Amino acid sequence: MKVSCNKLWKLLINKGMKKSRLREAVGAGKSTFAKLGKNENVTLSVLPDICEYLKCDLGEIMEAVPESKEQ
C-alpha cells in the first residue's frame, strides 16, 4: 500500500486555492510539496497543519491505495 494525496489536490481545486498559497500558509517548503505531488513520504508534522488550515480531516486529503492503482 502507498499513500495518495490526490484528494488534497482535488480539495484545493474545489476551493479555488493554489498549492503555493497553501504551502505558504502552513509554512512548508517547496520540497515538501514536491514530495506530496509525487506521493512520497513527508514529515508527518506538516499534515495536521494542512488539515487545520483547510478545516478538514486527514482522510479528506489522503488515502491508502494499492501500489498498482496509484499510478
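The rules we used
- Residues numbered from 1 in each chain as written.
- Predicted model: local features only at pLDDT ≥ 70, side-chain atom pairs only at ≥ 80, totals over all residues.
- Heavy atoms only, no water.
- Helix = DSSP H or I, 4+ residues; strand = E, 2+ residues; numbered from the N terminus.
- Rg over C-alpha atoms; globule rule 2.2 N^0.38 Å.
- Buried < 20%, exposed > 50% of the residue type's maximum accessible area, 1.4 Å probe, protein only.
- Contact = heavy atoms within 4.5 Å.
- Areas by Shrake-Rupley, 256 points an atom, 1.4 Å probe, with all protein chains shown as cover.
- Lys, Arg positive; Asp, Glu negative; His and termini not counted.
- Charge placed at Lys NZ, Arg CZ, Asp CG, Glu CD.
- Core = buried A, V, L, I, M, F, W, Y, C linked by side-chain atoms within 4.5 Å.
- Arc of directions from axis to C-beta.

A. Structural detail: the overall build of the chain. The helix and strand inventory of the chain stands at 5 helices and 2 strands. Computed over C-alpha atoms, the radius of gyration of the chain comes to 11 Å, within 12% of the 11 Å expected from 2.2 N^0.38 for 71 residues, which places it in the range of a compact globule. In terms of overall dimensions, the chain has C-alpha extents of about 35 × 25 × 20 Å along its principal axes. Across the 71 residues that make up the chain, the buried fraction comes to 35%. The long-range fraction of contacts in the chain, counting pairs at least 24 apart against all pairs at least 6 apart in sequence, stands at 64%. Counting only carbon and sulfur atoms, one obtains 48% of the accessible surface of the chain, whose full area is about 4,900 Å². Put simply, the chain has 13 plus and 9 minus side-chain charges, and the middle of one group is 7 Å from the middle of the other.

B. Representation of unusual backbone geometry in the model. The backbone of Asn39 shows a phi angle near 55 degrees, a positive value even though the residue is not glycine. Residues other than glycine seldom take positive phi values, yet Lys55 does so here, at roughly 55 degrees. When you line up the elements, Lys55 lands in the loop between helix H4 (46-54) and strand E2 (63-65).

C. How the structure looks around the nonpolar core. Counting residues in each nonpolar core, the largest one holds 19 residues, and the members touching the most others are Leu8, Leu22, Phe33, Leu36, Ile50, Leu54 and Ile61. Secondary-structure elements contributing two or more residues to this core are helix H1 (6-15), helix H2 (19-26), helix H3 (30-37) and H4. Counting residues per element, this core draws most heavily on H4, at 5 residues. Residue contacts for Leu36: discarding those within four places in its chain leaves Cys5, Leu8, Trp9, Val42, Leu47 and Ile50.

D. Structural detail: H3. Among all positions in H3, only Thr32, Phe33 and Leu36 are buried. Along the long axis of H3, the arc covered by the buried residues comes to 95 degrees, so they all point the same way. On its buried face, H3 sits against H1, H2 and H4. Phi turns positive, to about 55 degrees, at Asn39, one or two residues after H3.

E. How the structure looks around the environment of Leu54. Here Leu54 shows up in helix H4. Here Leu54 falls in the buried class, since its relative accessible area comes to 4%. On a C-alpha basis, the gap between Leu54 and Thr43 in space is 18 Å, while along the polypeptide they are 11 residues apart.

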